[in-house]
Amino acid sequence: AEASFSPDTSGVDAYVESLVPHRDRFRAMLGVAPPDPTENPAPRFEQIGEDRHAVIYRTWVEVLDGVEV
């Protein structure tokens, strides 16, 4: 398994580019077309708790039109 996954770690841009074939193979394995991701999604924050140490938020990000995670 390690031999089949060897991304280029010489820099951030090289690493991101070296992952493209892996993502393509993963999508092909799942049998779904790649989605059209939302450009520059704005996160939505929902406060769900608070104590004397921290305020806790649930964060939502729109990844596809009308779909948040």
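This text goes with the structure placed above it.
So, here's what we can say about the structure. Predicted model, so just to flag it, every value in this text is computed and none were measured. Per chain, residue numbering runs from 1 following the sequence as it is written. Note on the predicted model: pLDDT of at least 70 is required for a residue's local features to be given, and 80 or more for side-chain atom pairs to be given and counted; whole-chain, interface and lining totals, by contrast, use all residues. With hydrogens and water stripped out, all remaining heavy atoms of the structure feed into the side-chain values.

**Brief notes about the overall build of the protein chain**
Okay, step 1: Elements are defined by DSSP. Helices are runs of H or I of four residues or more, strands are runs of E of two residues or more, and each kind is numbered from the N terminus. A tally of helices and strands in the protein chain yields 1 helix and 4 strands.
Okay, step 2: Going from N to C terminus, the protein chain has its helices and strands arranged as α-β-β-β-β.
Okay, step 3: If you line up the protein chain on its principal axes, its C-alpha atoms span 50 × 30 × 25 Å.
Okay, step 4: Each residue is assigned to one of three classes by its accessible area relative to the maximum for its type, calculated with a 1.4 Å probe on protein chains only: buried under 20%, partly exposed between the two thresholds, exposed over 50%. In the protein chain, which comprises 69 residues, the share counted as buried stands at 4%.
Okay, step 5: Calculation of accessible area relied on Shrake-Rupley with a 1.4 Å probe; when residues are assessed, cover is drawn exclusively from the protein chains displayed. Accessible area for the protein chain stands at about 6,100 Å²; split by element, carbon and sulfur atoms hold 56% of it.

**Some thoughts on a nonpolar patch on the surface**
Okay, step 1: In this analysis, a patch consists of residues with relative accessible area above 30% that form no salt bridge, clustered at 9 Å for like charges and at 5 Å for the nonpolar side chains Val, Leu, Ile, Met, Phe, Trp and Tyr. When a carboxyl oxygen of Asp or Glu is within 4 Å of a side-chain nitrogen of Lys or Arg, the pair counts as a salt bridge. A cluster of nonpolar side chains, contributed by Phe5, Val12, Tyr15 and Val16, occupies part of the molecular surface with about 380 Å² of accessible area.
Okay, step 2: Residue placement: Phe5 occurs in the segment before helix 1 (12-30).

**Observations regarding the pattern of salt bridges**
Two side chains of opposite charge can pair, provided their charged atoms sit close to one another.
Okay, step 1: Here the structure, examined in full by the defined rule, presents 3 salt bridges.
Okay, step 2: Arg44 is paired through a salt bridge with Glu68; the nearest N and O atoms lie 2.7 Å apart. Of the two residues, Arg44 sits in strand 1 (residues 44-50) while Glu68 sits in strand 4 (residues 67-68), which places them 24 residues apart along the sequence.
Okay, step 3: Judged by relative accessible area, which is 37%, Arg44 ranks as partly exposed.
Okay, step 4: Owing to a relative accessible area of 36%, Glu68 belongs among the partly exposed residues under this scheme.

**Here we look at helix 1**
Okay, step 1: A helix's residues, less one, multiplied by 1.5 Å, set its expected span. The terminal C-alpha atoms of helix 1, which comprises 19 residues, lie 27 Å apart, in line with the 27 Å expected from a rise of 1.5 Å per residue.
Okay, step 2: A residue's bend is the angle separating two fitted axes: one through the seven residues that end there, the other through the seven that start there. The axis of helix 1 is deflected most strongly, by about 30 degrees, at Val20, and proline Pro21 appears within four residues downstream.
Okay, step 3: Regarding helix 1, the residues found buried are Ser18, Leu19 and His22.
Okay, step 4: Looking one or two places after helix 1, you find Gly31, whose phi comes out positive at around 80 degrees.

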